[in-house]
Amino acid sequence: MKRKYTWIRLFGTLLVLFVVDLANGQSVYHPKIDNDLWRALNEKGQVEAIILMSEQADLSFALNLPTKEEKGQYVFQRLNEIADRTQGAVLQLLQRQKLQAIPLYIVNAIYLPVLDRATALLLAEQKNVAIMMPNPQVFNELPRGEAEQATLRRAGVEWGVAKIQAPQVWALGFTGQGVIIGGQDTGYNWDHPAIANKYRGFKPNEPAAHNYNWYDAISKSSPLNSDTINPCGYRSNVPCDDNSHGTHTMGTMVGDDGQGNQIGVAPNAKWIGCRNMDRGWGAPNTYLSCFQWFLAPTGLDGKGANPKLAPHVINNSWGCPAQEGCNSNNFNLMETAVNNLKKAGIVVVVSAGNAGSQCNTINDVPAEIPSSFSIGATQISDTIASFSSRGGGTWNGKKVLKPEVSAPGVNVRSSIPGGRYASYSGTSMAGPHTVGAVALMISANPRLAGQVDLIESILERTAVPIKSTQKCGGIRGDSIPNTVYGYGRINALAAVKEAMRLTSLPEVSDDKLLMRVYPNPANEQFLIEVADLPSNGSLELFDLTGQLLNRQAIGSGRNQILEVKIGDLPRGMYLYRLQSGGKTGAGKIIKE
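Residues numbered from 1 in each chain as written. Predicted model: local features only at pLDDT ≥ 70, side-chain atom pairs only at ≥ 80, totals over all residues. Heavy atoms only, no water.

Here we look at the overall build of the protein
Move 1: Across its full length, the protein carries 13 helices and 27 strands.
Move 2: The buried share of the protein, reckoned over its 592 residues, is 58%.
Move 3: When contacts within the protein are restricted to residue pairs at least 6 apart in sequence, those whose partners lie at least 24 apart make up 74%.
Move 4: In the structure as shown, the protein presents an accessible area of about 24,000 Å², 51% of it carried by carbon and sulfur atoms. (Helix = DSSP H or I, 4+ residues; strand = E, 2+ residues; numbered from the N terminus. Buried < 20%, exposed > 50% of the residue type's maximum accessible area, 1.4 Å probe, protein only. Contact = heavy atoms within 4.5 Å. Areas by Shrake-Rupley, 256 points an atom, 1.4 Å probe, with all protein chains shown as cover.)

Concerning the confidence of the model for the protein
Move 1: Summary statistics for the protein give a mean pLDDT of 88 and a share of 90% for residues scoring 70 or more.
Move 2: Per-residue pLDDT stays below 50 along residues 145-152; that stretch engages in 20 contacts with residues further than four places along the chain or on separate chains.
Move 3: Low pLDDT, under 50, characterises residues 504-511; the stretch is placed with 23 contacts to residues that sit more than four places away or in other chains. (pLDDT = per-residue confidence, 0-100.)

Considerations on helix α9 (residues 284-295)
Move 1: Compared with the 16 Å implied by 1.5 Å per residue over 12 residues, the 17 Å span of α9 between its first and last C-alpha is a close match.
Move 2: Among the 12 residues of α9, 12 are classified as buried, and the element is accordingly described as predominantly covered.
Move 3: The complete set of buried residues in α9 reads Pro284, Asn285, Thr286, Tyr287, Leu288, Ser289, Cys290, Phe291, Gln292, Trp293, Phe294 and Leu295. (Expected span 1.5 Å × (residues − 1).)

What about the environment of valine 348?
Move 1: Along the chain, valine 348 falls in strand β14 (residues 347-351).
Move 2: Between the C-alpha atom of valine 348 and that of asparagine 315, which follows or precedes it by 33 residues, the distance is 6.7 Å.
Move 3: Those residues in contact with valine 348 that lie beyond four places of it in its chain are Phe291, Ile314, Asn316, Val338, Leu341, Lys342, Ser372 and Phe373.

Things to note about the nonpolar core
Move 1: Core analysis: the biggest nonpolar cluster contains 60 residues, and Ile181, Leu440, Met441 and Leu448 have the highest contact counts within it.
Move 2: Where this core is concerned, the elements lending two or more residues are α7 (166-171), α8 (245-254), β14, β15 (373-378), β18 (405-408), α11 (427-444), α12 (452-462) and α13 (492-500).
Move 3: Ranked by residues supplied to this core, first place goes to α11 with nine residues.
Move 4: Not counting residues within four places of it along the chain, the set of residues in contact with leucine 448 comprises Met441, Ile442, Leu454, Ile455, Ile458, Ala499 and Leu502.
Move 5: Judged by nonpolar contacts, the second largest core, of 55 residues, contains Leu104, Cys320, Met334 and Trp395. (Core = buried A, V, L, I, M, F, W, Y, C linked by side-chain atoms within 4.5 Å.)

Re the sheet that holds strand β24 (residues 548-554)
Move 1: With antiparallel pairing, the four strands of this open sheet are ordered in space as β24-β23-β26-β27. Two strands in the sheet have a free side with no partner beyond their single neighbour: β24 and β27 (583-591). Between one strand and the next, the sheet's axes are offset by a mean angle of 15°, whatever the strand orientation.
Move 2: As judged from the nine bridges shared by strand β26 (residues 572-580) and β27, these two strands associate in the antiparallel manner. (Pairing = 2+ DSSP bridges. Axes fitted to C-alpha atoms, helices over the stretch in contact; angles between N-to-C directions.)

A look at the environment of alanine 492
Move 1: Here alanine 492 is to be found in helix α13.
Move 2: If we skip the residues at most four places from it in the chain, alanine 492 touches Ile164, Val169, Ala437 and Leu440.

Observations regarding the side chain of glutamate 368
Move 1: Relative to the helices and strands, glutamate 368 is located in the loop between β14 and β15.
Move 2: Salt bridges are absent for the buried glutamate 368, whose nearest opposite-charge side chain, lysine 402, sits at 9.5 Å.
Move 3: If we skip the residues at most four places from it in the chain, glutamate 368 touches Phe331, Ile362, Asn363, Thr394, Trp395, Val400 and Lys402. (Lys, Arg positive; Asp, Glu negative; His and termini not counted. Salt bridge = Lys/Arg side-chain N within 4 Å of Asp/Glu carboxyl O.)

Rendered as structure tokens:
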């Protein structure tokens, strides 16, 4: 009977394959094969693909870790543990099929430069595989230069830097010192006079050290480029910019040539970089590779990952839109990567996109991801740029408020390769202003390092509120926040002053009282489950400045569940402290 059953099962499998062939490949043999991928496999025979594993790491514990270094180390170790434990069988199968496989741990996935249909069907039977998806080539519509100065160095502070009041922050003694900025883009002309000595690998009178400071995720020419010649080559061991976009964004973050040409918001911050595009063409695997490298930078050979060298904040002026081949599965990959970086204590700043001026034009990743910090673009008059993408959309059926804030993004002058300068317009110019502001905040109060939600909340609450006549997604333009400006145009001086006030916060560690807090983030209320309250005590709720918002008395007892109502509070981060019998438990809660 067993042999007969085996033959019946084999016949059934062949019948399914036959039905798929009759349908000219339009039907999916297995639900673990993405529809777009199956279609491409039938049309081309072989395609690039990404395998997403079923198990993803639970990193919620990182929220309780007090420092950025502790968060980063925990997230790095946990992600690698999951990947090492779950990818083995799939990697062995791919080795038997003689297919190259590049493991990723940032999202527990495997990138395949080549996948054929037969192997896809074998992979679909692996229990650890969640889904296979395409790795489409994505074109980023990079900003156009409005004006270019080949040699002219215009002395003075650029308008966007002045608009957000960065010079007033410098006057207080905070210029980004002690902060590491990361950028993934078209690459960087690292020895441009405005950014050279801001590069973390820069060494006066010595060759630059590129290990752990630069990574090139581009290993081949995009098939969609009109030629196969990239001016930087591939897997470059030296930072190089094949387009000028990346160098321009980095100049706005840190640029200053020391001769009065002040183009950067945080001129004493250090930067590291990753190239994720081939002259504007990227792909999910190149974006993920850079995200992974920022979590734990490596040497040029990709080895020796060290989360202690991770940046505090990352600029992302690129997108993976649906119209270029990205789909919901790719989108979820990016969301997981962004979430994991944030749990590691890294701020992920994202340009909102240049598809305005209609509603619901923030519609690709990473700008659309709820957890990313998306930035719209404003003009010198503090009015929104016509091209700046608007919010009003949804994510997985839930309304999402985008952008979070706005920043200068029209006619922004910054560095481009060859020691030159140019003025560009785009939300790609607005994001770097915000990254620079984050660096100023952390330099003013190093305790902010790794406190991502707190940093974002301060930027939102201190932004210059701006109203609009445009209504999107049922959100009125005359409300704050709105879907055009978010909470408003950023103000670095106000954000830094707020950051400097954060000296009276309760200790955010819960190692004294054994307790569990959930849900976090919360909406109307959150619960604190406590194993033992030795005596009567108190439960306090604070805002980010340390101001007491609420105090309630609690009784002694074991296995108590305390309810804290927050429905009337605005969206943002708050701190709680529980005290009983000389013991204390404290932590952070996010109000959605």
